[in-house]
Amino acid sequence: AGCCRQWGADVPEPKSVFEEVASSSAPAGPRWPKVEKIDAAAARAAIQQAEALEEAQQVVFRDTLIKLLENVLNKPDEVKFRSIKKTNKALIEKIFGQPEGAAVVLLTQAGFQDGEEAMTLPGPPDGRAHAVWELLARSARDMKLAKVLEEEKKRPPERSFGGEGGRHAIGRKPTRGGGG
């Protein structure tokens, strides 16, 4: 950038790695509240209910909840992210419709209060929302890992063509003693 300015070009300073991470839509991590204890058994049971769905439905269910929690954790002062309408058609299809009650359990564990028409977070999110986000993110990671491992099982074993430690001496003269 410095050499370009020498010729009169207007080039902005490059962002540091930290600025790029902070401006990305990735979770903010350190700015989030510290993870608090939740009823992990109830949360895991709700996640297991979701894992019984078809893979595409699982992904939509999990990714939607992750996004809702990221919104509230990344922008804790924005009230619009603290209310999730249970009557919203898209949310009924993605999270509230099936598996029965799993989304309500997870959002309740995250600190939301269950109302007749909406799930609301009374104040800024606390560590419970972060804890539920982590459980959902781990579940997504585990699903991806299981898929990769399943693909690995389908691959034929790698073939080795002899030699010491799988090394070959094809096309080169044999060496004596000292290596090569």
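Here's what I pulled together on the structure shown here. (Residues numbered from 1 in each chain as written. Predicted model: local features only at pLDDT ≥ 70, side-chain atom pairs only at ≥ 80, totals over all residues. Heavy atoms only, no water.)

1. Quick look at the sheet that holds strand E2 (residues 113–114)
Then comes step 1: In spatial order, the strands read E1-E3-E2; together these three strands make up an open sheet with antiparallel pairing. Each having just a single partner strand, strand E1 (83–85) and E2 make up the two edges of the open sheet.
Then comes step 2: The pairing of E2 with strand E3 (residues 118–120) spans two bridges and is antiparallel. Bridged to Asp114 within E3 is Met119. (Pairing = 2+ DSSP bridges. Helix = DSSP H or I, 4+ residues; strand = E, 2+ residues; numbered from the N terminus.)

2. Focus: the packing of aromatic side chains
Then comes step 1: Throughout the structure, instances matching the rule amount to one aromatic pair.
Then comes step 2: Look at Trp32 and Trp133: their rings are 4.9 Å apart centre to centre, the planes differ by 90 degrees, and that puts the pair in the edge-to-face class. Separated by 101 residues along the polypeptide, Trp32 in the loop between helix H2 (17–23) and helix H3 (40–51) and Trp133 in helix H7 (residues 127–154) bring together distant segments of the chain.
Then comes step 3: The buried category is assigned to Trp133, whose relative accessible area is 14%. (Phe/Tyr/Trp six-rings, centres within 6.5 Å; stacked < 30°, edge-to-face > 60°. Buried < 20%, exposed > 50% of the residue type's maximum accessible area, 1.4 Å probe, protein only.)

Purely geometric numbers; function is a separate question.
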